Amino acid sequence: DKATNPLNKDLDWDGINAFCEQLNKELEGPPLATRLLAHKIQSPQEWEAIQALTVLESCMKSCGKRFHDEVGKFRFLNELIKVVSPKYLGSRTPEKVKSKILELMYSWTLGLPHEVKISEAYQMLKKQGIVKCDPKLPDDAPLPPPPPRPKNIIFDDEEKSKILSRLLKSSHPEDLRAANKLIKEMVQEDQKRMEKISKRVNAIEEVNNNVRLLTEMVTSYSKGETTESNEDLMKELYQRCERMRPMLFRLASDTEDNDEALAEILQANDNLTQVINLYKQLV
């Protein structure tokens, strides 16, 4: 609301940056942000819609793949199409808003070619005659490629092994000292990796146990008939589930390079969300 307030005299960059930061912090950030932005972009007030499009543009530049994937779904793209299509809101949408949407969509087809649905949506607008020719983009418009994932500061493991082998074959004392140091570093890294895996496995197991127990209790809950001690236990389990959500988000941030583990964490988060909503609804 702050970043898109129609009473803003100028673009509120503090609000825009705060929105991007919040989006990056939340596990549900991207799907929630796209829903909020779609609503603001469809505002009948031109200035509110333009500010929302600026927020969207900033998020695309600074919020990475999770957000790109959400924008690249037909669910969100359809909301943009509604604003430019005369069949929906297009006949009463200000030209400036429509132009900005088409400019953004075109820039994404260039900057994010792997998001196939964006290109498909843009080509469809061309076929319908809504896009008569590709818009001229400002110099900085195409999205910068995401920064490369930082490599291990020392070396990749394979490279380390080669270097270690070379150092161990050497007869120079300083090479042997370096080899000893490298072995220690490799052992420490392996320990850290195993600790990370153990922490993740234990966290997911704890979440699943709490979810299972709370689900059983909530589904057999009957107002006025469930004992007070059971109600207290349910409340405690519910509060525990709420506290586990930020922990799962931190785990997801740490596990971005492992798709299988990330899928497990996201599934655990879905189960957590479902049981929390069930508790709120029934109890």
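- Under an unreviewed UniProt entry, the name given to the protein chain is ADP-ribosylation factor-binding protein GGA1, and the source organism is Dryobates pubescens.
- In the Sequence similarities (unreviewed entry) part of its UniProt record, the protein chain is described as follows: "Belongs to the GGA protein family."

1. Points about the nonpolar core
So, point 1. Ranked by internal contacts, the top residues of the largest apolar core, which has 41 residues, are Ile41, Leu56, Phe67, Ile101, Met105, Trp108 and Leu125.
So, point 2. Within the residue set of this core, elements represented by two or more residues are α1 (13–25), α2 (29–41), α3 (46–62), α4 (64–71), α5 (74–84), α6 (95–111) and α7 (116–127).
So, point 3. The leading source of residues in this core is α3, at eight residues.
So, point 4. The residues contacting methionine 105, other than those within four sequence positions of it, are Leu77, Leu80, Ile118, Ala121, Tyr122 and Leu125.
So, point 5. Ile204, Leu214, Met217 and Val218 belong to the second largest nonpolar core, which has 25 residues in total.

2. Here we look at the domain arrangement of the protein chain
So, point 1. Split into domains, the protein chain comes out as domain 1 (2–128) and domain 2 (188–282).
So, point 2. When domain 1 packs against domain 2, the two sides together hide about 440 Å² of surface, and 66% of this comes from carbon and sulfur.
So, point 3. Looking only at domain 1, the three residues that lose the most surface to domain 2 are Lys25, Leu27 and Glu28, adding up to 84% of its buried area.
So, point 4. Along the contact surface separating domain 1 from domain 2 lie zero salt bridges.
So, point 5. For the side of domain 1 that touches domain 2, the residue count by class is one nonpolar, one polar and four charged.

3. Some details on the packing of helix α9 (residues 173–219) against helix α10 (residues 228–254)
So, point 1. Following both chains from N to C, one finds α9 and α10 inclined at 150°, their axes separated by 9 Å at the closest point. Judged by the inter-axis angle, α9 sits roughly antiparallel to α10. In the crossing of α9 with α10, the sense of the turn from one axis to the other is left-handed. Of α10, the residues touching α9 (which contributes Lys196, Arg200, Ala203, Glu206, Val207, Asn210, Leu213, Leu214, Met217 and Val218) are Asn230, Leu233, Met234, Leu237, Tyr238, Arg240, Cys241, Met244, Met247, Leu248, Leu251 and Asp254.
So, point 2. Here the residues of the contact of α9 with α10 are counted per class, giving 15 nonpolar, two polar and five charged.

4. Considering a nonpolar patch on the surface
So, point 1. Together, Leu168, Leu176, Ile183 and Val187 line one region of the surface with nonpolar side chains, adding up to about 320 Å² of accessible area.
So, point 2. Of the residues forming the nonpolar patch, the biggest block, three residues, is contributed by α9.
So, point 3. Relative to the helices and strands, isoleucine 183 is located in helix α9.
So, point 4. Classification of isoleucine 183 by relative accessible area gives partly exposed; the value is 36%.

5. Section: the side chain of glutamate 70
So, point 1. Tracing the sequence through the fold places glutamate 70 in helix α4.
So, point 2. If we ignore the near neighbours within four places in the chain, the residues touching glutamate 70 are Pro30, Pro31, Thr34, Arg75 and Phe76.

6. Overview of the side chain of threonine 109
So, point 1. Relative to the elements of secondary structure, threonine 109 occurs in helix α6.
So, point 2. Those residues within four positions of threonine 109 in sequence are excluded, and the remaining contacts are Ile118, Ser119 and Tyr122.

7. Observations regarding α1
So, point 1. The first and last C-alpha atoms of α1 sit 18 Å apart over 13 residues, in line with the 18 Å expected at 1.5 Å per residue.
So, point 2. Within α1, the full set of buried residues consists of Gly15, Ile16, Cys20 and Leu23. Down the axis of α1, the smallest arc covering the buried residues is 140°, so these residues share one side. For α1, the exposed residues set more than 90 degrees away from the buried face come down to Asp14, Glu21 and Lys25.

8. Description of the environment of valine 283
So, point 1. Positionally, valine 283 belongs in the segment after α11 (259–282).
So, point 2. Considered as a pair, valine 283 and leucine 102 are 181 residues apart in the sequence and their alpha carbons are 47 Å apart.
So, point 3. Once residues within four sequence positions are removed from consideration, valine 283 is found in contact with Val218, Tyr221, Met234 and Leu278.

9. Comments concerning the environment of lysine 98
So, point 1. With respect to the helices and strands, lysine 98 occurs in helix α6.
So, point 2. Residue classification places lysine 98 among the buried residues on the basis of a relative accessible area of 15%.
So, point 3. When the C-alpha atoms of lysine 98 and valine 83 are compared, they prove to be 6.9 Å apart, with 15 residues separating the residues in sequence.
So, point 4. Non-local contacts of lysine 98, meaning those with residues more than four positions away in its chain, are made with Val83, Val84, Gly90 and Thr93.
So, point 5. A polar contact is formed between the side chain of lysine 98 and the backbone oxygen of glycine 90, at a distance of 2.9 Å.

10. Considering the pattern of salt bridges
Once their charged atoms are close, side chains differing in charge can pair, the charge on each being opposite to the other.
So, point 1. Applying the stated criterion across every chain yields a total of 16 salt bridges.
So, point 2. Among the salt bridges present, the one from arginine 245 reaches glutamate 242, with a minimum N-O distance of 3.4 Å. Note that arginine 245 and glutamate 242 are positioned in helix α10 at a spacing of three residues, about one turn of the helix.
So, point 3. Glutamate 242 gets classed as partly exposed once you look at its relative accessible area, which sits at 26%.

Conventions we followed
- Residues numbered from 1 in each chain as written.
- Predicted model: local features only at pLDDT ≥ 70, side-chain atom pairs only at ≥ 80, totals over all residues.
- Heavy atoms only, no water.
- UniProt positions renumbered as here; feature names shortened; annotations may be inferred.
- Core = buried A, V, L, I, M, F, W, Y, C linked by side-chain atoms within 4.5 Å.
- Buried < 20%, exposed > 50% of the residue type's maximum accessible area, 1.4 Å probe, protein only.
- Helix = DSSP H or I, 4+ residues; strand = E, 2+ residues; numbered from the N terminus.
- Contact = heavy atoms within 4.5 Å.
- Domains from an automatic or database assignment.
- Buried area = accessible area lost by both parts, 1.4 Å probe.
- Salt bridge = Lys/Arg side-chain N within 4 Å of Asp/Glu carboxyl O.
- Nonpolar A, V, L, I, M, F, W, Y, C, P; charged D, E, K, R; others polar.
- Axes fitted to C-alpha atoms, helices over the stretch in contact; angles between N-to-C directions.
- Parallel < 35°, antiparallel > 145°, perpendicular 65-115°, else oblique.
- Left-handed = near helix turned anticlockwise from the far one by under 90°.
- Patch = residues over 30% accessible without salt bridge, like charges linked within 9 Å, V, L, I, M, F, W, Y side chains within 5 Å.
- Areas by Shrake-Rupley, 256 points an atom, 1.4 Å probe, with all protein chains shown as cover.
- Expected span 1.5 Å × (residues − 1).
- Arc of directions from axis to C-beta.
- Polar contact = N/O pair within 3.5 Å; in protein donor to acceptor, adjacent residues only side chain to side chain.

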